Amino acid sequence: MEADNTITPENDPREWVGYDLCGYPFNKKYPPNKKLYGQAFEGYPNKALGVLLYDFAVQGYDVELSYKGKTYYFMDDGEGVVTDSHFREQKEVFDSPMALVENFKIDGKTLLNLAPEIEDIEPV
């Protein structure tokens, strides 16, 4: 019989993920503020932060982003991985997707600081 590896609120090992009263996950390290920012970007002030802090760090989607004409690819495979366009080559590896968001730098800025300047970003 196969083991059930489904993540639930009770067994989620990610310390940055919390669950609301309905059981929906959210980023508790960088909580959304839907009262202030609405639903458009999952409760964050811009699309880049919504994709990085929710789609990537919480939901586990891989991400493609463009900044100053260069495209970057991030993969969540339990670790946060800077990868190639085919999601095969590991260029840089972080302990977690959250660690990648907090520590990966472009032009000397972390993704959190760079978010308002990101030209395009999509979960893939």
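Source: prediction; values computed, not measured.

Reading guide: rules and limits
Residues numbered from 1 in each chain as written. Predicted model: local features only at pLDDT ≥ 70, side-chain atom pairs only at ≥ 80, totals over all residues. Heavy atoms only, no water. Helix = DSSP H or I, 4+ residues; strand = E, 2+ residues; numbered from the N terminus. Rg over C-alpha atoms; globule rule 2.2 N^0.38 Å. Buried < 20%, exposed > 50% of the residue type's maximum accessible area, 1.4 Å probe, protein only. Contact = heavy atoms within 4.5 Å. Core = buried A, V, L, I, M, F, W, Y, C linked by side-chain atoms within 4.5 Å. Polar contact = N/O pair within 3.5 Å; in protein donor to acceptor, adjacent residues only side chain to side chain. Salt bridge = Lys/Arg side-chain N within 4 Å of Asp/Glu carboxyl O. Phe/Tyr/Trp six-rings, centres within 6.5 Å; stacked < 30°, edge-to-face > 60°.

Quick look at the overall build of the chain
Looking only at helices and strands, the chain features four helices and nine strands. Mapped from its N terminus to its C terminus, the chain presents α and β elements in the order β-β-α-α-β-β-β-β-α-β-β-α-β. Over its C-alpha atoms the chain spans a radius of gyration of 15 Å, differing by no more than 12% from the 14 Å that the globule rule assigns to 124 residues. For the chain, the C-alpha atoms occupy an extent of roughly 45 × 40 × 20 Å along the three principal directions. Counting all 124 residues of the chain, 41% fall into the buried class. Contacts in the chain between residues far apart in sequence, at least 24 positions, make up 42% of those at least 6 positions apart.

Remarks on the nonpolar core
Counting residues in hydrophobic clusters, the biggest one holds 30 residues, and the most contacted among them are L65, F74, L100, F104, L111 and I121. With seven residues, helix α2 (residues 47–56) is the largest single contributor of residues to this core. The contacts of F104, once residues within four sequence positions are left out, are Y72, F74, V82, E92, F94, A99, K109, T110 and L111.

Brief notes about α2
Within α2, nine of the ten residues are buried, which leaves it mostly tucked inside the rest of the structure. Of the residues that open α2, the one with a side-chain oxygen 3.3 Å from the backbone nitrogen of A48 is N46.

Quick notes on the pattern of salt bridges
Scanning the entire structure with this criterion turns up five salt bridges. Ionic pairing is found between K68 and D107, a salt bridge with its closest N-O pair at 3.2 Å. Linking K68 in the loop between β3 (63–67) and β4 (70–76) with D107 in the loop between β7 (105–106) and β8 (109–110), this pair joins segments that are 39 residues apart in sequence. The same class applies to K68 as to D107, namely exposed.

Quick notes on the packing of aromatic side chains
Centre distance and the angle of the planes are the two values used to describe a pair of aromatic rings. Applying the stated rule across the entire model yields five aromatic pairs. Arranged with centres 6.4 Å apart and planes meeting at 90°, the rings of F94 and F104 form a pair that is edge-to-face. Here F94, found in strand β6 (residues 90–94), pairs with F104, found in the loop between α3 (97–103) and β7; they are ten residues apart in sequence, far enough to count as distant. Counting every residue linked through ring pairs, the aromatic cluster contains F56, Y72, F74, F94 and F104.

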